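Each chain, letter by letter, is given below.
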Amino acid sequence: MNKTFGICIPTYNRVNELKKCIESFLEGAKKYGIPIYVSDNNSDDKTEDMIKELQKEYGYIFYHKHTTNRGIDKNMVSAIEMAETEYALWLGSDDTLTSDAISKILNKLKEKPDLCILARENTVLRLKDSFDNPFDYYSNDGQIGIDGMHFSTLIVRVDAIKEAIKRDGCRYDGTLHTYAGVILDYIMDIYKSEKKILITTIKELLVNIAVKNKSWEDERLRVFYLYILQWFKLLKKEYKNNSKVISKYKQYLKSIRVPYWLVRLGNLGGGTPCLA
């Protein structure tokens, strides 16, 4: 089994989509011995039966089914906690990878990044090759930031993210963005202790992100007008007190048309003047 890279997939009642997801990269996984970790949020469809069939074909598919639905955030955490590799990609169960994605990811991971970002269609032209501090990731000169932290595009250091989750990751529970919060936590921790960080990117499109029938669709208004605002309030103070981050955050709120009065109502800037 490959000890460098694994793929972690949280899922719930998506048997057909999940099968398509895994089959999109299964040949590459077999070639390089890539472990696949599936965390099932107590699906009542045929997910378990489908996984058992795939396990007969490939022995490095690891499956855990919760006895109750623990919610999206906790299932994301469960998926990454299953990983026993140095790096892992959080992959949505309705998203797919290109046939050559695994080989190209393994090649990029030779650089030993603290975080690797896979491009998606609307970030390709805005990605630099690398970032050397957390705040440049949020700069306004054509970079990405909050609106670039899309699930299925983030390859994390497993040891670092597990430590961040263990320390205080549960504070993001209920925002539907726990994955982004704990990633930002751990890259800030690394930067503070080592005074440097390496965030690399892969500009070639390797992931196909589904745009229909998302699990959070029914809560779209809450996601955009409540959960994301709550999530930002919970970030480490180093982000909330940084002008680049605040500027990028305000741009993001404007892009999704969050009313200014709603930001004020929730006092979601933690007292930061730029958000008050």
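The structure we're discussing is the one just above.
These remarks concern the structure in this document. Keep in mind that what you see is a predicted model, and the values were worked out from it rather than measured.

Taken together, eight strands build an open sheet; the order of strands is β3-β2-β1-β4-β8-β6-β9-β7 and the sheet is mixed. In the strand order of this sheet, the two ends are held by β3 (61-65) and β7 (130-131), each with one partner. Across two bridges, β7 lies against strand β9 (residues 199-202) in antiparallel orientation. The residue of β9 that forms the bridge with Ser 130 is Thr 200. The strands touched by helix α5 (residues 158-168) are β4 (87-90) and β8 (154-157); relative to β8, the strand with the most contacts, the crossing angle is about 80 degrees.

One finds Trp 90, Leu 115, Ile 161, Ile 183 and Tyr 186 to be the most contacted residues of the largest nonpolar core, which totals 43 residues. If you list the elements that add at least two residues to this core, you get α3 (72-81), β4, β6 (115-118), β8, α5, α6 (178-194), α7 (220-234) and α9 (243-255). A per-element tally of this core places α6 first, with nine residues. Not counting residues up to four positions away in its chain, the partners in contact with Leu 115 are Leu 154, Ile 155, Val 156, Ile 183, Tyr 186, Ile 187, Leu 198, Ile 199 and Thr 200.

Further remarks concern the pattern of salt bridges. The final tally for this structure, using the stated rule, is 20 salt bridges. Glu 163 serves as the salt-bridge partner of Arg 167, at 3.4 Å between the closest nitrogen and oxygen. Of this pair, Arg 167 and Glu 163 both sit in helix α5, separated by four residues, roughly a single helical turn. The shortest N-O distance in the salt bridge between Lys 236 and Asp 189 comes to 3.3 Å. Placement of the pair is Lys 236 in the loop between α7 and α8 (237-240) and Asp 189 in helix α6, with a sequence separation of 47 residues. What makes Lys 236 partly exposed here is its relative accessible area of 21%. Residue Asp 189 is classed as partly exposed on the basis of its relative accessible area of 21%. The network of salt bridges with common partners includes Glu 163, Arg 167, Asp 189 and Lys 236.

Cut-offs applied
Sequence order sets the numbering: in each chain, residues are counted from 1 along the sequence as written. This being a predicted model, a pLDDT of at least 70 is required before a residue's local features are given, and a value of 80 or more before pairs of side-chain atoms are given or counted; all residues contribute to the totals for chains, interfaces and linings. Note that water and hydrogens are dropped before the side-chain values are worked out from all heavy atoms of the structure. Note: two strands are recorded as paired if DSSP finds a minimum of 2 bridges between them. Under the DSSP-based scheme used, a helix requires at least four consecutive residues in state H or I and a strand at least two consecutive residues in state E, with every element numbered from the N terminus. Should any heavy atoms of two residues lie within 4.5 Å, those residues are considered in contact. Convention adopted: a line fitted to C-alpha atoms gives each axis, helices being fitted over their contacting stretch, and angles between N-to-C directions are expressed from 0 to 180 degrees. Residues belong to one nonpolar core when they are buried, are Ala, Val, Leu, Ile, Met, Phe, Trp, Tyr or Cys, and are joined through side-chain atoms within 4.5 Å. For every residue, the accessible area (1.4 Å probe, protein chains only) is compared with the maximum for its type, and the residue is labelled buried under 20%, exposed over 50%, or partly exposed between those bounds. The working definition used for a salt bridge is a side-chain nitrogen of Lys or Arg within 4 Å of a carboxyl oxygen of Asp or Glu.

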